[in-house]
Amino acid sequence: MKQAPKTSRRDFIRKSSVLAGALAVSPAILSAAYLQPGKKLGIALVGLGGYAGGQLAPALQQTKNCYLAGIVTGTPAKATDWAAKYNIPKKNIYNYQTFDSIADNPDIDIIYVVLPVSMHKEYTIRAARAGKHVICEKPMALNAADCREMIAACKKANRLLSIGYRLHFEPHTQEVMRLGQKQILGKVTEIATGNGFKYTGDPNAWRLKKALAGGGGLMDMGIYAIQGARYTLGREPLAVKATQEKTRPELFSEVDETVFWELKFPGGQKVTGKSSYNNNWGFLRAKVEKGSFELEPAYGYDGLDGKVNGKPMNIPNINQQAAQIDDFATCVRLGKQSRVPGEEGEKDMKVIDAIYRSLDSGKWENIG
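As a starting point, this report considers the structure included with it. None of the values given here were measured: they were computed from a predicted structure. The residue count restarts for each chain, going from 1 along the sequence in the order it is written. Local features in this predicted model are restricted to residues whose pLDDT is 70 or higher, and side-chain atom pairs enter the listing and the counts only when it is 80 or higher, whereas totals over whole chains, interfaces and linings include all residues. As a convention, hydrogens and water are excluded, and side-chain values are obtained from all of the structure's heavy atoms.

**Points about the pairing of strand E5 (residues 133–136)**
Piece 1. Each residue gets one of three labels from its accessible area relative to the maximum for its type: buried under 20%, exposed over 50%, partly exposed in between, using a 1.4 Å probe on protein chains only. Helix numbers and strand numbers start at the N terminus; a helix is a DSSP run of H or I with at least 4 residues, a strand a run of E with at least 2. Because side chains alternate across E5, one face comprises the buried residues His133 and Ile135, and the other comprises Val134 and Cys136, equally buried.
Piece 2. Two strands pair if DSSP finds at least two bridges between them. Strand direction decides the pairing type here: strand E4 (residues 110–113) and E5, joined by 4 bridges, are parallel. Considered in E5, the bridge of Ile111 is made with Val134.
Piece 3. With its strands directed away from the observer, a crossover is right-handed exactly when the path from the first strand over the helix to the second travels clockwise. Note that the unit made of E4, helix H4 (residues 120–129) and E5 has a crossover that is right-handed.
Piece 4. Taken together, the 3 bridges between E5 and strand E6 (residues 161–163) define a ladder with parallel strand orientation. Bridging from a neighbouring strand, Cys136 pairs with Ile163 of E6.
Piece 5. Read from E5 through helix H5 (residues 144–157) to E6, the crossover connection turns out right-handed.

Now the structure itself:
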């Protein structure tokens, strides 16, 4: 039997980028402005919380294809501070009442929605109707049905939609994708993954309100572990069974604290995952026919580290957010689909919806 040719890490990343753009988008999304050589596309951040201020705004100072052009906030003091810090003109500053008038602003090409999860659907749809391309943070929405509405709205407006899955642009993660999907060390036989942190923040934060967050550690942290299993195998799970524990019910009265699950994949691999707001986890471990590979830390903003059969990957870390946002700006400029489109966010939410059904039923639940 002829052996399949080996795929190098560099070839895999290059081919993945090409394939990700293979689905052409209507030329109507392009404009003369997008095609101007050297023109950076303008991005407006909607919601100026910790992630926007701590990660996205600094990353936009390092991007090559786009820049921080505008902001949307309901807090006047934040508007003043951000305008001074990032030299944002007054005409590019909006609040939630004036948001729709952003349609008339040619400085803004892309809107990045960084709001509580319950607001993702509304502002993604409003942004698309305003004629802007959209990046929406994860989790994409409260449920898969909302994701489908967001996808449909962007398609109707002929605008691109991407989800803030920064790790798809991170080189350690891309190596895991290559090893697993290309079966470099043989077929993956088992995956164990987990993500979480010990919550010590504001007990009244929106993340602990079911109506705003949709759930707790599973929605916020578990989505990374679900993604980890999916992108390692390059396949979609068929069913899930889940259990949970709650050791701090006074804090997590509305949302889940720690959730454990098992996923059934069509390849028959044993895949287990866990998420938490009460445990510091962040790993992905895969057993394969010819050994193993792993990441730990696996899901952070920086400091990712990996091993293959016990030997270090020796891959440099990058600014994940800058790489993610720059890639989307290129997609907008070229009129091609993002490698992490709205459909990718919907796939994760199908799994999360099924996990919550399983927590209620105590049984295996089909996904989809």
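**Here we look at the sheet that holds E4**
Piece 1. If you trace the 6 strands from one edge of the open sheet to the other, you get E3-E2-E1-E4-E5-E6, paired in parallel fashion. Two strands in the sheet have a free side with no partner beyond their single neighbour: strand E3 (93–94) and E6.
Piece 2. As paired elements, strand E2 (residues 66–72) and E3 share 2 bridges and run parallel to each other. Bridging from a neighbouring strand, Ile71 pairs with Ile93 of E3.
Piece 3. Contacts between helix H3 (residues 76–86) and the sheet are confined to strand E1 (41–46), E2 and E3, with E2 contributing the most and set at about 160° to the helix. Contacts are assigned to residue pairs that have any heavy atoms within 4.5 Å of one another. In this analysis an axis means a line fitted to C-alpha atoms, helices contributing only their contacting stretch, and an angle means the value between N-to-C directions, from 0 to 180 degrees.

**Side note on the sheet that holds strand E13 (residues 306–308)**
Strand pairing in a sheet relies on backbone hydrogen bonds. The paired strands run either parallel or antiparallel.
Piece 1. Pairing is mixed in the open sheet, where 9 strands are placed in the order E14-E13-E12-E11-E7-E10-E9-E8-E15. With one partner strand each, in any of the chains shown, strand E14 (311–312) and strand E15 (365–366) form the two edges of the open sheet.
Piece 2. Relative to strand E10 (residues 270–276), strand E7 (residues 188–198) runs parallel, the two being bridged by 7 bridges. Bridging from a neighbouring strand, Gly196 pairs with Ser276 of E10.

**Thoughts on the pattern of salt bridges**
Piece 1. Just to be clear on terms, a salt bridge is a Lys or Arg side-chain nitrogen sitting within 4 Å of an Asp or Glu carboxyl oxygen. With the rule as written, the count across this model stands at 18 salt bridges.
Piece 2. A salt bridge links Glu149 to Lys121; the nearest nitrogen and oxygen atoms lie 3.5 Å apart. Here Glu149, found in helix H5, pairs with Lys121, found in helix H4; they are 28 residues apart in sequence, far enough to count as distant.
Piece 3. The partly exposed category is assigned to Glu149, whose relative accessible area is 40%.
Piece 4. With relative accessibility at 23%, the residue Lys121 sits in the partly exposed group.
Piece 5. A salt bridge links Asp327 to Arg339; the shortest N-O distance between them is 3.3 Å. Residue Asp327 is found in helix H9 (residues 320–334), and its partner Arg339 is found in the loop between H9 and helix H10 (342–361); the two are separated by 12 residues along the sequence.
Piece 6. Arg339 sits in the partly exposed class, given a relative accessible area of 21%.
Piece 7. Via salt bridges that share partners, Arg230, Glu236, Glu344 and Asp348 belong to a single interconnected network.

**Observations regarding the packing of aromatic side chains**
Piece 1. Note on aromatic contacts: the rings of Phe and Tyr and the six-membered ring of Trp form a pair at centre separations within 6.5 Å, being stacked when their planes are under 30 degrees apart, edge-to-face when over 60 apart, and tilted otherwise. Tallied over the full model, the rule gives 10 aromatic pairs.
Piece 2. Seen in terms of ring centroids, Phe197 and Tyr199 are 6.2 Å apart; in terms of plane orientation they differ by 45°. Their pairing is tilted.
Piece 3. Taking the relative accessible area as the measure of exposure, Tyr199 reaches 6% and is therefore buried.
Piece 4. By way of ring pairs, the aromatic residues Phe197, Tyr199, Phe252 and Tyr277 are connected into one cluster.
Piece 5. Looking at Arg285, its charged tip hangs above the ring of Phe283, at a distance of 4.1 Å from the centre. As a reminder, the over-ring test applies to NZ of lysine and CZ of arginine, requiring each to be within 6 Å of the ring centre and within 35 degrees of the ring normal.

**As for the environment of Ala239**
Piece 1. Looking at the element boundaries, Ala239 is found in strand E8 (residues 239–245).
Piece 2. A C-alpha to C-alpha distance of 7.7 Å links Ala239 and Ala354, two positions 115 residues apart in sequence.
Piece 3. Not counting residues up to four positions away in its chain, the partners in contact with Ala239 are Glu262, Leu263, Lys264, Trp364, Glu365, Asn366 and Ile367.

**Notes on the side chain of Lys132**
Piece 1. Residue placement: Lys132 occurs in the loop between H4 and E5.
Piece 2. When charges are counted, Lys and Arg are positive and Asp and Glu negative, with His and the chain ends excluded. Buried charged residue Lys132 carries no salt bridge. Nearest counter-charge: Asp109, at 6.0 Å.
Piece 3. For the purposes of these results, a polar contact is taken to be a pair of N or O atoms within 3.5 Å, where, inside protein, one atom must be able to donate a hydrogen and its partner to accept one; residues adjacent in sequence count only when each atom of the pair is a side-chain atom. At 2.9 Å, the side chain of Lys132 forms a polar contact with the backbone oxygen of Asn105.
Piece 4. With residues near it in sequence (within four places) discarded, Lys132 still touches Ile102, Ala103, Asn105, Ile108, Asp109, Ile111, Ala127 and Arg159.

**Points about the packing of H4 against H5**
Piece 1. Between H4 and H5, whose axes approach to 9 Å, the crossing angle comes to 5°. In terms of axis orientation, H4 runs roughly parallel to H5. Side by side, H4 and H5 meet where His120, Lys121, Thr124, Ile125 and Ala128 of the first sit next to Asp146, Glu149, Met150, Ala153, Cys154 and Ala157 of the second.
Piece 2. Each residue gets one label: Ala, Val, Leu, Ile, Met, Phe, Trp, Tyr, Cys and Pro are nonpolar, Asp, Glu, Lys and Arg are charged, and the others, such as Gly, are polar. Residue composition of the contact of H4 with H5, by class: 6 nonpolar, 2 polar and 3 charged. Should an angle lie under 35 degrees it is considered roughly parallel, over 145 roughly antiparallel, and from 65 to 115 roughly perpendicular; all remaining angles are considered oblique.

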